[in-house]
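# A look at the structure
One letter stands for each residue in the lines below.
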Amino acid sequence: MASTQGWVSTWRKVLVLPDLSERSVDDRFMDLAVATAWSARRLVSPRPWVGAIVVPEGSTPEAGPVFGGATDGRSGPHAEIVALSRAGAAARGSTLYCTLEPCSHHGATPPCAEAVADAGVARVVVALADPDTRVAGTGIELLRGRGVHVDVGIGADEVAIQLEAYLHHRRTGRPWVVVKLAATLDGKVAAPDGSSQWITSDEARADAHGLRADSDAVLVGAGTVRADDPSLTVRLPGWEQVGDEPVDDGVRQPLRVVLGRAPSGARVLPAVEVSGPLTDILADLGSRGVVQVLVEGGPTVAHAFHTAGLVDRYVVYLAPALAGGDDAMGMLAGPGAATVDDFWRGEIARVQQLGPDVRIDVIPRHP
């Protein structure tokens, strides 16, 4: 489908590997599985975006060949099955690298662990066990019970970041919450007259649409709907005809969520209108299969999620501009910390230049 052009990698049946540096053989093959998984990121949620690589006996990182696969859409085969089908008879005696534990239950597809053992795979290298209660180690146990050697933990740190939203959803029942903010260098998101379009550049706004594409839902307050009348759709090249239902390879628009009531005729409609405690709202979204929710505003809604301690990642776009006073609107609207000792402090996880602007990702500081 045209909408996936440019960010979904198309894997050939047989891939000859490039030089992947002096990392261990296991690390290098797991790196490839992780890269393969990214191709499914926007196509499969609420399923996990998983990558798998079948390495036939005697293959090397320098010469290959290997057979790769990622989770196929929202109802198709899991990554392991895609990779095994491409490997065919070469899977017997091979090593399978998988970013997440093969499943052991009958869901939309049969158990992957059974298929892996039936294919004659000799060794499976798993980055992370799956916290989904239907799996939770039973896939690894099944493989070992069938005589397959299983190693767990290689590439775990990278995959934990890649699958952070999925892992959080399965462990808590709530979506991973990303709060997006766009501001001047002095922290202002709108002028005193309310105007805010556009503080950041085209490059930053395109990146923000990528955040929407990564999310299952986009949430704003009713005040933002009344003030800006946003559509909350992904507007990347090729997405013009993408609707609310998955099409072709699984691409779809995120669910639109309004905190409060949207006025009649608003562009955001149809939308899910919600009210009540934020924890209850997140639990409801999680039960709908929302793995990641993007909170886009405005400052009052962002403040509410922030002060409730419900934000898992802040994405702040800073433009090289200054509002120049104290009468413009700040990023968070509401009571703040009383003293400097009470300031919330996080950890900077990422900094990226986007045209003239800078994107800064901040995560809560863990004890």
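One can find the structure itself at the top, above this paragraph.
Residues numbered from 1 in each chain as written. Predicted model: local features only at pLDDT ≥ 70, side-chain atom pairs only at ≥ 80, totals over all residues. Heavy atoms only, no water.

## Points about the overall build of the chain
Rule in force here: Here a strand is any run of E in DSSP of at least two residues, a helix any run of H or I of at least four, and the numbering for each starts at the N terminus. Atoms counted for the radius of gyration: C-alpha only. Globule rule: 2.2 Å times the number of residues to the power 0.38. Throughout this description, buried means an accessible area under 20% of the type-specific maximum (1.4 Å probe, protein chains only), exposed means over 50%, and partly exposed covers the range between.
The number of helices and strands found in the chain is 10 helices and 15 strands. Taking 2.2 N^0.38 as the reference for a compact globule, 367 residues should give roughly 21 Å; the C-alpha atoms of the chain span a radius of gyration of 22 Å, in line with that estimate. Dimensions of the chain, computed from the C-alpha atoms along their principal axes, are close to 70 × 40 × 40 Å. For the chain, buried positions account for 51% of its 367 residues.

## Some words on the pattern of salt bridges
The line we're drawing: Any carboxyl oxygen of Asp or Glu within 4 Å of a side-chain nitrogen of Lys or Arg constitutes a salt bridge here.
Throughout the structure, instances matching the rule amount to 17 salt bridges. Between Arg42 and Asp214 there is a salt bridge; the shortest N-O distance is 2.8 Å. Here Arg42, found in the loop between α1 (25–38) and β1 (51–55), pairs with Asp214, found in helix α7 (residues 202–214); they are 172 residues apart in sequence, far enough to count as distant. The buried category is assigned to Arg42, whose relative accessible area is 17%. Here Arg146 makes a salt bridge to Asp118, at a shortest N to O gap of 2.8 Å. Here Asp118 lies in helix α3 (residues 112–118) and Arg146 lies in the loop between α4 (138–145) and β5 (149–152), a separation of 28 residues in the sequence. What makes Arg146 partly exposed here is its relative accessible area of 40%. Through salt bridges with shared partners, a single ionic network connects Glu164, Asp207, Arg313, Arg359 and Asp361.

## Here's the deal with the side chain of Asp207
Inclusion rule: In this description, contact between two residues means that some pair of their heavy atoms is separated by no more than 4.5 Å.
For Asp207, the position within the fold is in helix α7. Judged by relative accessible area, which is 18%, Asp207 ranks as buried. When near neighbours in sequence (up to four residues on either side) are disregarded, Asp207 contacts Tyr317, Gln352, Leu354 and Arg359.

## What about the nonpolar core?
For the record, the criterion: Throughout, nonpolar core names a set of buried Ala, Val, Leu, Ile, Met, Phe, Trp, Tyr and Cys residues whose side chains join them through atoms within 4.5 Å.
Judged by nonpolar contacts, the single largest core of 71 residues is most densely connected at Trp49, Val54, Tyr97 and Val124. With residues near it in sequence (within four places) discarded, Val124 still touches Leu96, Val116, Leu143, Val148, His149, Val150 and Asp151. Val274, Leu282, Ala302 and Phe305 belong to the second largest nonpolar core, which has 28 residues in total.

## As for the pairing of β5
Operational definition: Any two strands between which DSSP finds at least two bridges are classified as paired. Every crossover in which the path from the first strand over the helix to the second runs clockwise, viewed with the strands pointing away from the viewer, is termed right-handed.
For strand β4 (residues 123–128) and β5, the ladder comprises four bridges, and the chain directions are parallel. Pairing of Val125 across the sheet is with Asp151, part of β5. The handedness of the β4 to β5 crossover, carried by α4, is right-handed.

## Things to note about the environment of Arg92
Among the secondary structure elements, Arg92 is positioned in the loop between α2 (79–87) and β3 (95–100). A residue is classified by how much of its surface remains accessible, and Arg92, at 58% relative accessible area, is exposed. Not counting residues within four places of it along the chain, the set of residues in contact with Arg92 comprises Asp118, Ala119 and Gly120.

## Things to note about the sheet that holds β5
Note the following rule: Axes here refer to lines fitted to C-alpha atoms; in helices the fit is confined to the stretch in contact. Angles between the N-to-C directions go from 0 to 180 degrees.
Here five strands make up an open sheet; going across it, the order is β2-β1-β3-β4-β5 and the pairing mixed. Sheet topology places β2 (67–70) and β5 at the edges, where each strand pairs with a single neighbour. Sheet twist, expressed as the mean angle between neighbouring strand axes with direction ignored, is 15°. Relative to β3, β1 runs antiparallel, the two being bridged by four bridges.

## Details of helix α6 (residues 164–172)
Every α-helix carries 3.6 residues per turn, so stepping three or four residues along brings you back to the same face. The set of residues buried in α6 consists of Glu164, Ala165, Tyr166, Leu167, His168 and His169. One or two steps after α6, the chain reaches Gly173, where phi turns positive at roughly 80°.

## Focus on the packing of aromatic side chains
Each pair of aromatic rings is reported with the distance of its centres and the angle of its planes. Heads up, the condition is: A pair of aromatic rings is counted whenever rings of Phe, Tyr or Trp (Trp by its six-membered ring) have centres within 6.5 Å, and the orientation is called stacked for planes under 30 degrees apart, edge-to-face for over 60 and tilted otherwise. Comment: the charge-over-ring label is applied if NZ (Lys) or CZ (Arg) is within 6 Å of the ring centre and within 35 degrees of the ring normal.
Across all of its chains, the model carries two aromatic pairs by this definition. On the basis of an interplanar angle of 35° and a centroid distance of 5.3 Å, the ring pair of Phe29 and Tyr97 is categorised as tilted. One end of the pair, Phe29, is in helix α1; the other, Tyr97, is in strand β3, and 68 residues separate them in sequence. The pair Phe29 / Tyr97 is uniform in exposure class, with both members buried. Taken together, a centroid distance of 5.0 Å and an interplanar angle of 55° make the contact between Tyr314 and Trp344 tilted. Of this pair, Tyr314 sits in strand β12 (residues 313–319) while Trp344 sits in the loop between β13 (329–330) and β14 (346–354), and the two are 30 residues apart along the sequence. Residue classification places Tyr314 among the buried residues on the basis of a relative accessible area of 8%. Positioned above the aromatic ring of Trp49, the side-chain terminus of Arg41 is 4.0 Å from the ring centre.

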